[in-house]
Amino acid sequence: MSWLAQNGAITVIAGPSNAAQVMVGAPEMDGRFAITQGMTISVPVWVADVANLGAATIALHFDPALLRPLGCTVHSAGIDGGNCTILAGRVQANFIASQGISGSMPVFEVLFTPLPEAGAGFSTALLLDVLNFADANAQPLPLRTRNGQLDLFAGDPSNLPLISLGNGAGAVLAQDGQVTVTVGISGVAALGAATIIIRYD
């Protein structure tokens, strides 16, 4: 069998000037994050310069040999509903905003911790995959993406301040009852400010 082969070419051109941006980290950041062993870090995914965004499905890919996602939260401002799913090597979020949202805002964030076997000096790309990005009329919107990176550094968790709930023994809540859970911080010096999130089922 004989045949002819004709080569082709792909030309990369600038994206639309009115394209929204989907990015790892806030617009003023460069998308790079750093974490030490034994710690956690929250990585937000933002949309910027968007107009009338009605629905989106966005996946954040990472190296599962280095990181473990502990949770994912979809930001609720301006949306009708959304959910976030932790999958192998990626976290996928989707939401619907029937009235459309415009501007720049975080849409979801993922809480990561390094795996115990992940050594210092390693890094993982944080890659975005936008599966759906449409306006309130279900028409596709132009977009650009900015990926990120997470670098791992050495750390000794035994020397870090400890944030704990209660005395470690847990709390018991009776039906229709109330319970108080105390948040404690130990081993810290000159703490000026802190934001602590308590997650529950």
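How would you explain the packing of aromatic side chains if you had to name every residue and give the values?
By convention here, two paired aromatic rings are described through the distance between centres and the angle between planes. As enumerated under the stated definition, the model contains one aromatic pair in all. Judged by centre distance (5.1 Å) and plane angle (65 degrees), the ring pair of F62 and F112 falls under edge-to-face. With F62 in the loop between β3 (41-61) and β4 (67-74) and F112 in strand β6 (residues 90-114), this pair connects stretches of sequence that are 50 residues apart. By relative accessible area, F62 is classed as buried at 7%.

Give me the lowdown on unusual backbone geometry, citing residues and values where you can.
You will see that N52, though not glycine, has its phi angle at about 60 degrees, which is positive. Mapped onto the fold, N52 is located in strand β3.

Mind laying out the environment of L131, listing which residues take part and the relevant values?
By the element assignment, L131 lies in strand β7 (residues 123-135). Judged by relative accessible area, which is 48%, L131 ranks as partly exposed. Through-space distance from the C-alpha of L131 to that of N147 is 15 Å; in sequence the pair is 16 residues apart. In this structure L131 touches T57 and Q92, once residues within four positions along its chain are discounted.

Outline the state of the cysteines, supporting the account with residue identities and numerical values.
Within this structure, the stated rule accounts for one disulfide. At a sulfur-sulfur separation of 1.7 Å, the disulfide partner of C72 is C84. Judged by the sign of its S-S torsion, about 65 degrees, the cystine formed by C72 and C84 is right-handed. Taken as a pair, C72 in strand β4 and C84 in strand β5 (residues 81-87) lie far apart in primary sequence, twelve residues in all. Overall, the relative accessible area of 22% leaves C84 in the partly exposed class.

Cut-offs used in this document
By convention here, each chain's residues receive numbers from 1 onward along its written sequence. In view of the model being predicted, local features appear only for residues whose pLDDT reaches at least 70, and side-chain atom pairs are presented and counted only at 80 or more, with totals across whole chains, interfaces and linings using the full set of residues. Excluded from the side-chain calculations are hydrogens and water; all other atoms, namely the structure's heavy atoms, are used. A pair of Phe, Tyr and Trp rings is counted when the ring centres sit within 6.5 Å of each other, with Trp represented by its six-membered ring. The angle between the planes then sorts it: under 30 degrees is stacked, over 60 is edge-to-face, the rest tilted. Where helices and strands are cited, they refer to DSSP runs of H or I of at least four residues and of E of at least two residues respectively, numbered from the N terminus. Remark: exposure states derive from per-residue accessible area (1.4 Å probe, protein chains only) relative to the maximum for the residue type, with buried under 20%, exposed over 50%, and partly exposed in between. It only takes one pair of heavy atoms within 4.5 Å for two residues to be counted as in contact. Disulfides are defined as pairs of cysteine sulfur atoms found within 2.5 Å of each other.

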